[in-house]
Amino acid sequence: MGKRHFRAGILGAAAVTLLILAAVLWSDMDSKSVGGNGLFCWDKEVLNDRAQRDTLWHAMEQYDLHELYQYIPADLPPKSLSSFFAEAEEHRIKVYLLTGDPAWARDGTGEALVDAVRQAASVRRQTGGDALKGVMMDVEPHLLPEWEKDSGKLMDSYVSAMKAARKQAEEDDLFLYACIPYYYDSEGLTFYLNALMEQGCHGIVVMNYYRENETKHLRYEWQQAKRLNKPIVNVYELQAPGIHDLSEINTYHESGMAGIEKSFQNIQKSLPYDNLAFAVHDYKALLEVEDIE
């Protein structure tokens, strides 16, 4: 064999090895164990106020919550967040940038979603810590006015956008959650749900806002998560009825964390899976319902 062919063979083998390593890496990312139960926080004041952060860490510790889905304004200088992330790391809290807008689902290129992933990567890089693990992408195309007329078209562009976001997340070594309602599979959108779970995220987060029917509503997503060996998170609502059109059946505002913990125990018995966790929406409601100061 000539030197040129020998070198080409080595380079080809090296390229194959790198591809295999990349596939293994992102297979591991897909199959990562959940980092514990989570909390949604849209309150940006906790980012720069030490007293409010102390309350946040205390509330999470009290209820054994280890993942924080935190909203971070895109125009907030990342370096100003160093204390927040240092404290999160100290408290062993895994942080995910919480972001999303229904309008983002209209653009199949995923430009806005990709920008959000890049924001998370920039924050992690400039804060210099290891607490920021990924992105909680809360797009919710079902909230758009055209949903009733053509949900399939919206889901098609939404899933395409999520695929682009996942690709960017993998380039930036970030984990990508997709936050969805519980009813896509019951509204004839199973094809898009499967594509989303297979190719558009590393973990699925289900807003399962219907008391006492959580197990039934979660079963399909749970089956797919197990098949794909991906994390799945069941989200409970704590906000009061009347907020965002919530009715009493949609929220645990009255029974609080005790009701949520009881419900999740029942889910775990019916849908056993090591990569199943729960999350609470949201932080301000948790403070109100449990009278945390």
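The sections below set out a description of the structure shown in this document. Please read all numbers here as calculations on a predicted model, not as lab measurements.

### Quick notes on the pairing of strand 4 (residues 132-137)
Successive residues of a regular strand alternate their side chains across the two faces of the sheet.
Move 1: By the criterion of burial, strand 4 is predominantly enclosed, with 5 of the 6 residues buried.
Move 2: The sheet contact formed by strand 3 (residues 94-99) and strand 4 spans 5 bridges and is parallel. Residue pairing across strands places Leu-98 opposite Met-136, the latter belonging to strand 4.
Move 3: In terms of handedness, the path from strand 3 via helix 4 (residues 111-127) over to strand 4 forms a crossover that is right-handed.
Move 4: Both strand 4 and strand 5 (residues 175-181) contribute to a ladder of 4 bridges, which runs parallel. Bridge pairing in strand 5 places Val-135 opposite Leu-176.
Move 5: The parallel pair strand 4 and strand 5, bridged by helix 5 (residues 151-171), forms a crossover whose chirality is right-handed.

### A word on the packing of helix 2 (residues 50-62) against helix 3 (residues 82-90)
Move 1: In contact at an axis separation of 11 Å, helix 2 and helix 3 are set at 25 degrees when each is read in the N-to-C sense. With respect to helix 3, the axis of helix 2 lies roughly parallel. Between helix 2 and helix 3 the crossing geometry is right-handed. Here Arg-50, Arg-53, Leu-56 and Trp-57 of helix 2 lie close against helix 3, whose contacting residues are Ser-83, Phe-84, Glu-87 and Ala-88.
Move 2: Of the residues assigned to the contact of helix 2 with helix 3, the class counts are 4 nonpolar, 1 polar and 3 charged.

Criteria and cut-off values
- Residues numbered from 1 in each chain as written.
- Predicted model: local features only at pLDDT ≥ 70, side-chain atom pairs only at ≥ 80, totals over all residues.
- Heavy atoms only, no water.
- Buried < 20%, exposed > 50% of the residue type's maximum accessible area, 1.4 Å probe, protein only.
- Helix = DSSP H or I, 4+ residues; strand = E, 2+ residues; numbered from the N terminus.
- Pairing = 2+ DSSP bridges.
- Right-handed = clockwise from strand over helix to strand, strands pointing away.
- Axes fitted to C-alpha atoms, helices over the stretch in contact; angles between N-to-C directions.
- Parallel < 35°, antiparallel > 145°, perpendicular 65-115°, else oblique.
- Left-handed = near helix turned anticlockwise from the far one by under 90°.
- Contact = heavy atoms within 4.5 Å.
- Nonpolar A, V, L, I, M, F, W, Y, C, P; charged D, E, K, R; others polar.

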